[in-house]
Amino acid sequence: MGVKQFGARVKRVEDPALLKGQGRFVDDVKMPGVLHACFVRTPFAHAFVRNIDSTAALQLEGVVAVFTAADMPQRMRDERMPMLVPNAAIAALRTQHALATHEICYAGQTVAVVIAQSRYIAEDAAALVDVDYETLPAISDLRSAVAPGAAVAHSDLPDNIASSFKMEYGDVDAAFASAPHVFEEKLWQHRGGGMAMETRAVLATHDPATDMLTVWTGSQTPHIGRRMMADMLDRSVESIRCIAPDVGGGFGPKAIFYAEEPVIAACALKLGRPVKWVEDRREHFMCATQERDQYWDVALAVDAQGRIQGVRGALLHDTGAFVPWGIIMPYIAAATMPGPYVVPSYRLDVRVALTNKVATTPVRGAGRPQAVFAMERLMDRAARELGIDPAEIRRRNFVQPEQMPYSVGLMFRDGKPLIYDSGDYPKGQSEALRIADYEGFRARQSAALAQGRYIGIGIGNYVEGTGLGPFEGVTVRVLQNGKVAVATGATQQGQGTRTTLAQIVADSVGCRFEDVVVTVGDTAAIANGVGAFASRQAVNAGNSATLAGTAVQAQIVQLAAQTLGVAPEDIDVADGQAMARTGNKPVLTFGELARLSQGMPGFSMQPGQTAGLENTAYFTPPQAAYCSGTHVVEVEVDPETGGVKILRYSVAHDAGNIINPLIVDGQVQGGVAHGVGNALFEWMKYDEQGQPLTTSFADYLIPMATDVPTCEIAHVETPSPLNPLGVKGAGEGGTIPAPAAILAAVEDALRPFDVHVTETPLTPERIVELLEAAGAYEQINSQIEERA
């Protein structure tokens, strides 16, 4: 038998080309006669567009065209961008036009597009396009947006409430009335972005001979993009091919279908030449979707032993100017808050506010880091007030393994009851505490304090619904050269999709890993697909691959048995060969079988024989598969500078059965890097007029390599019963509990000064402010004198 690939630490097949600079991203696709686009974007957060004069721009040598909304196809002129995830709770079903027709609602919104012989010329010409604006009052702060008499983000709406809804179960009022202890917290979490290494990019070309529009796009969801583009361009889906080549990071914002995509395609159709647009970094800061702000006002009711009786509160979420992905983030946040704990009663009132800022949509974690931050801050508060160890109070409240499947009492974003399918939360926390040497920490902390050093430890627990539907597809086909071709609607932005699918197919078909050739992110390769978001590809594409591969192996066995004249149960398949167990054990290679499967012209197939060795499977999950984990963080805080150094980072992660531990470790490590940024660095700032203030990495800080620790990772594998592979998602778990654990550790380090942390990011400046407010520096100076 061949070497089993599932569970092996296989190196990623994608990496050699990327490491040698041989990756092929959108901007690497070179086409003769290509034109370059630059968008004219409004400098105002809110205004009417009165007139657009492109005369001066058109006179610049090398400019081919300047297009406004009036030049776009009719549906793009008349209709707004499609809303991808509608919800009945949305009161303001508002998305933007591809190019503004009358009113602009955030700084950076697309108004016109310049097409020129080079990007340099297009940039110069865009600056010459004269747009007459009538400025309108802008609303920037979401708390002000919901205040009586606030300026409206859209002139034709009565207020700024995009949605309001309540999530609840149990008797919350009775729980709080009878609880001996109630703890309240007011929390704020910043606005930030995904900040992928590669910005967004689109290249479109039209072949008049076949009427095929081909669009290369740095997207997580090319099949969805193709459907949206067909609607907006009023073309058949079959006449559009979308290709997502190598994509330099996605993290959520590249799952969105943006205005620039149909505009560039429309320009290529209109001009009969290829048109390319590559977003610059400033555009990315201004126009790529972001996540948050959120304000939480929450309370926890517990008994004398710290066992939860109920949770209640209110959440205010900033959706920006539009709702292109619906209200997914605040909904997920509200559904996630109970976490791995038994919460007998729960109520959260949610309001979603419109502001004159770029829309917020999922970024790695998609609402869950905020919910985990809120719940874990409450748990830490209860532990501190009751004098219970933070790990112990969590242990007392965990859902137990024998309670699985566990019904939380809410509806999840997939429209199904929120039921945890599997997990061992006590074991996960125990493993994380073990590798963190939690028991030895207080001694380390005392020794450090005696030296004038302030170290602390924090815990963050989470549960995440992964593997969301509706489906993903995989085609497995044996080629006449003996290779096994795999095509999928799944995409890759660094996750190792080709590697993991090749591992699964090698096992299920019975071939060598190196003989599997995987095509991802090409709508011409497979008819239906969804793409990468919500930690879904291992569950959906992985199970589709095993179903399709298993079906193809059955075809191989049947054909080999017929050809060799033996029973199917006498055929073994391994290493790309089918071998009879009896006689002189004759062998047929996959290549030979592939040729045999084509039959002979004019002759009938044998009974039961299929045409070709090929199968397409679409796995449709019945509900989310819930992964979980615990992060334990040890930090040191320098009170003089407010600097935070992460000394140790320990993770216990449950993603079900692990396809490739090496890749999962990388996903966790990368997720933690995002979490460190969310906790300590990243903050997309706006002024009162909705003007973005942090539009470069000089102002918007992200972690450096020296800021991100090398994590110690333990895998706690509890297989999901909801899919054949028993897998769960792993792409976001590194991010979700990180801010909660890091800030808890900072607060623990600053316990001598009674500093309380309620916000992210916790920047050095903010730490110094908190210490000053607590009068810490007099105490620190006194301690320094005593040690001297």
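Regarding the sheet that holds strand β20 (residues 484-488)
Okay, step 1: Pairing is mixed in the open sheet, where four strands are placed in the order β21-β20-β19-β25. Where the open sheet ends on each side, the last strands, each with one partner, are β21 (516-520) and β25 (614-619). Neighbour-to-neighbour, the strand axes of this sheet turn through a mean angle of 15 degrees, independent of strand direction.
Okay, step 2: Where helix α15 (residues 497-510) meets the sheet, it contacts β19 (472-478), β20 and β21, and its direction lies at approximately 135 degrees from that of β21.
Okay, step 3: Set on the sheet, helix α16 (residues 537-564) makes contact with β19, β20 and β25; between it and β25 the angle comes to about 150 degrees.

Concerning the sheet that holds strand β22 (residues 571-574)
Okay, step 1: Ordered by their spatial adjacency, three strands build an open sheet running β22-β23-β24, and the pairing between neighbours is antiparallel. The open sheet has two edge strands with one neighbour each: β22 and β24 (587-589). When the angles between neighbouring strand axes are averaged without regard to direction, this sheet yields 20 degrees.
Okay, step 2: Pairing of strand β23 (residues 577-580) with β24, which is carried by three bridges, proceeds in the antiparallel orientation. By the bridge assignment, glutamine 577 is partnered in β24 with threonine 589.

Quick look at the layout of surface pockets
Okay, step 1: Its boundaries defined by the atoms lining it, the second largest pocket holds a volume of some 460 Å³.
Okay, step 2: As for the second largest pocket, its lining consists of 22 residues, of which Leu84, Val85, Arg413, Gly469 and Pro470 are closest to the centre.
Okay, step 3: Elements that contribute at least two residues to the lining of the second largest pocket include exactly α7 (222-233) and α10 (328-336).
Okay, step 4: Per element, the largest residue contribution to the lining of the second largest pocket is three residues, and it comes from α7.
Okay, step 5: When the residues that make up the lining of the second largest pocket are grouped by side-chain class, the tally is 15 nonpolar, four polar and three charged.

A few points about the packing of helix α18 (residues 661-680) against helix α19 (residues 738-749)
Okay, step 1: Running from amino to carboxyl end, α18 crosses α19 at an angle of 55 degrees, the nearest separation of the two axes being 8 Å. Here α19 runs oblique to α18, going by the angle between their axes. Note on packing geometry: the crossing formed by α18 with α19 is right-handed. Along the contact surface, α18 presents Gly675, Val676, Asn678, Ala679 and Leu680, while α19 presents Ala738, Pro739, Ile742 and Leu743.
Okay, step 2: Its residues placed into classes, the contact of α18 with α19 shows seven nonpolar, two polar and no charged.

Side note on the pattern of salt bridges
Pairing between side chains becomes possible if they bear opposite charge and their charged atoms approach one another.
Okay, step 1: Using the criterion set out here, one finds 51 salt bridges in the structure.
Okay, step 2: Among the salt bridges present, the one from aspartate 156 reaches arginine 94, with a minimum N-O distance of 3.1 Å. Placement of the pair is aspartate 156 in the loop between α5 (142-145) and β7 (161-169) and arginine 94 in the loop between α3 (74-78) and β4 (103-104), with a sequence separation of 62 residues.

Describing the packing of α15 against α16
Any two packed helices are characterised by how steeply their axes cross, that is the angle between the axes, and by the distance between the axes.
Okay, step 1: Relative orientation of the contacting elements α15 and α16 amounts to 30 degrees, with a least axis distance of 7 Å. Here α15 is positioned roughly parallel relative to α16, judged by the angle of their axes. In the packing of α15 onto α16, the handedness of the crossing is right-handed. Packed against α15, whose contacting residues are Thr497, Leu501, Ile504, Val505, Ser508, Val509 and Gly510, the element α16 presents Gln537, Ala541, Gly542, Ala545, Thr546, Gly549, Thr550, Val552, Gln553 and Ile556 at the interface.
Okay, step 2: Class assignment of the residues belonging to the contact of α15 with α16 gives a composition of eight nonpolar, nine polar and no charged.

With respect to the environment of tryptophan 216
Okay, step 1: Take tryptophan 216: it is sitting in strand β10 (residues 212-217).
Okay, step 2: Taking the relative accessible area as the measure of exposure, tryptophan 216 reaches 12% and is therefore buried.
Okay, step 3: Residues tryptophan 216 and proline 245, spaced 29 residues apart in sequence, show a C-alpha to C-alpha distance of 7.2 Å.
Okay, step 4: Dropping the residues within four chain positions of it, tryptophan 216 is found in contact with Arg24, Val26, Val29, Met31, Ala201, Val202, Leu203, Thr205 and Ile243.

Examining the domain arrangement of the protein chain
Okay, step 1: Entries for the protein chain in the domain assignment read domain 1 (31-136 + 198-248 + 253-287), domain 2 (290-468 + 622-784) and domain 3 (469-619).
Okay, step 2: On a C-alpha basis, the centres of domain 1 and domain 3 stand 39 Å from each other.
Okay, step 3: If you look at the interface, domain 1 gives 17 residues, while domain 3 gives 19 residues.
Okay, step 4: Taking both sides of the interface into account, the surface hidden between domain 1 and domain 3 amounts to around 1,200 Å²; carbon and sulfur atoms contribute 47%.
Okay, step 5: Of all residues in domain 1, the largest losses of buried area upon contact with domain 3 belong to Gln220, His223 and Arg241, amounting jointly to 44% of the total for that side.
Okay, step 6: Across the contact surface, domain 1 and domain 3 share one salt bridge.
Okay, step 7: As a salt-bridge pair, arginine 241 and aspartate 522 come within 2.6 Å of each other at their nearest N and O atoms.

What counts, and where the lines are drawn
Residues numbered from 1 in each chain as written. Predicted model: local features only at pLDDT ≥ 70, side-chain atom pairs only at ≥ 80, totals over all residues. Heavy atoms only, no water. Pairing = 2+ DSSP bridges. Helix = DSSP H or I, 4+ residues; strand = E, 2+ residues; numbered from the N terminus. Axes fitted to C-alpha atoms, helices over the stretch in contact; angles between N-to-C directions. Contact = heavy atoms within 4.5 Å. 1 Å grid on protein atoms, 1.4 Å probe; cavity = no way out; pocket = protein on both sides within 12 Å on 5 of 7 lines; lining within 4 Å. Points joined across faces, edges and corners; volume = space filled by probe spheres on them. Nonpolar A, V, L, I, M, F, W, Y, C, P; charged D, E, K, R; others polar. Parallel < 35°, antiparallel > 145°, perpendicular 65-115°, else oblique. Left-handed = near helix turned anticlockwise from the far one by under 90°. Salt bridge = Lys/Arg side-chain N within 4 Å of Asp/Glu carboxyl O. Buried < 20%, exposed > 50% of the residue type's maximum accessible area, 1.4 Å probe, protein only. Domains from an automatic or database assignment. Buried area = accessible area lost by both parts, 1.4 Å probe.

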